[in-house]
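One-letter residues, chain by chain:
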Amino acid sequence: MGRFIKGCERRQRLLLPDCIDDHVGDDSPVRVVDAFVDTLDLAALGFEGAAATGRLGYHPATMLKLYVHGYLNQVQLSRRLEREAGRNVELM
């Protein structure tokens, strides 16, 4: 799906020797959400379409992972989810 914004690779090395994925525990619920959404056929569920004009959107799988994580942590508002994605390492 080339019509969406491509996020950074989580395993990409930063300026420091650590990578973001190393800072998330192996038993973190975010890993379950990530694995679950990756198994879904999003096209069959109706997440295929995207607007043809304006700025590119994020991939539907990325947005679904963010919404599910927010739901599990009782963060439903999109602006609060945006703040969480900027400060919470699990969401990066």
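Counting from 1, residues in each chain are numbered in the order their sequence is written. At least 70 in pLDDT is required for a residue's local features to be given in this predicted model, at least 80 for side-chain atom pairs to be given and counted, and no such filter applies to totals for whole chains, interfaces and linings, which use all residues. For the side-chain quantities, the full set of heavy atoms in the structure was used; hydrogens and water were omitted.

**Concerning the overall build of the chain**
Each helix is a run of DSSP H or I of at least 4 residues and each strand a run of E of at least 2, with the numbering of both proceeding from the N terminus. Counting its regular elements, the chain contains 3 helices and 2 strands. Sequence-ordered secondary structure for the chain, helices as α and strands as β, is β-α-β-α-α. Taking all 92 residues of the chain together, 24% fall into the buried category. We call two residues in contact whenever any of their non-hydrogen atoms come within 4.5 Å of each other. For the chain, contacts bridging at least 24 residues in sequence account for 54% of all contacts bridging at least 6. Here's how the labels work: a residue is buried when its accessible area is under 20% of the maximum for its type, exposed when over 50%, partly exposed in between, all with a 1.4 Å probe on protein chains only.

**Structural notes on the environment of K65**
Tracing the sequence through the fold places K65 in helix α2 (residues 60-72). Along the backbone, K65 and D34 are 31 residues apart, and their C-alpha atoms lie at a distance of 6.4 Å. Filtering out sequence-adjacent residues up to four positions away, K65 remains in contact with V33, D34, V37 and D38.

**What about unusual backbone geometry?**
One non-glycine residue, Q74, adopts positive backbone phi at about 55 degrees. Inspection of the secondary structure assignment puts Q74 in the loop between α2 and α3 (78-87).

**Focus on the environment of L42**
Tracing the sequence through the fold places L42 in the loop between α1 (29-39) and β2 (57-58). Spatially, the C-alpha atoms of L42 and P60 are 7.7 Å apart, while their sequence positions differ by 18 residues. The contacts of L42, once residues within four sequence positions are left out, are F47, E48, H59, P60, A61 and L64.

**Regarding the nonpolar core**
Think of a nonpolar core as a cluster: buried Ala, Val, Leu, Ile, Met, Phe, Trp, Tyr and Cys residues, connected wherever their side-chain atoms sit within 4.5 Å. Membership of the largest hydrophobic core is limited to 5 residues, which are V33, V37, L42, A61 and L64. The set of elements that each furnish at least two residues to this core consists of α1 and α2. With near-sequence residues (within four places) excluded, L64 lies in contact with V37, L40 and L42.

Purely geometric numbers; function is a separate question.
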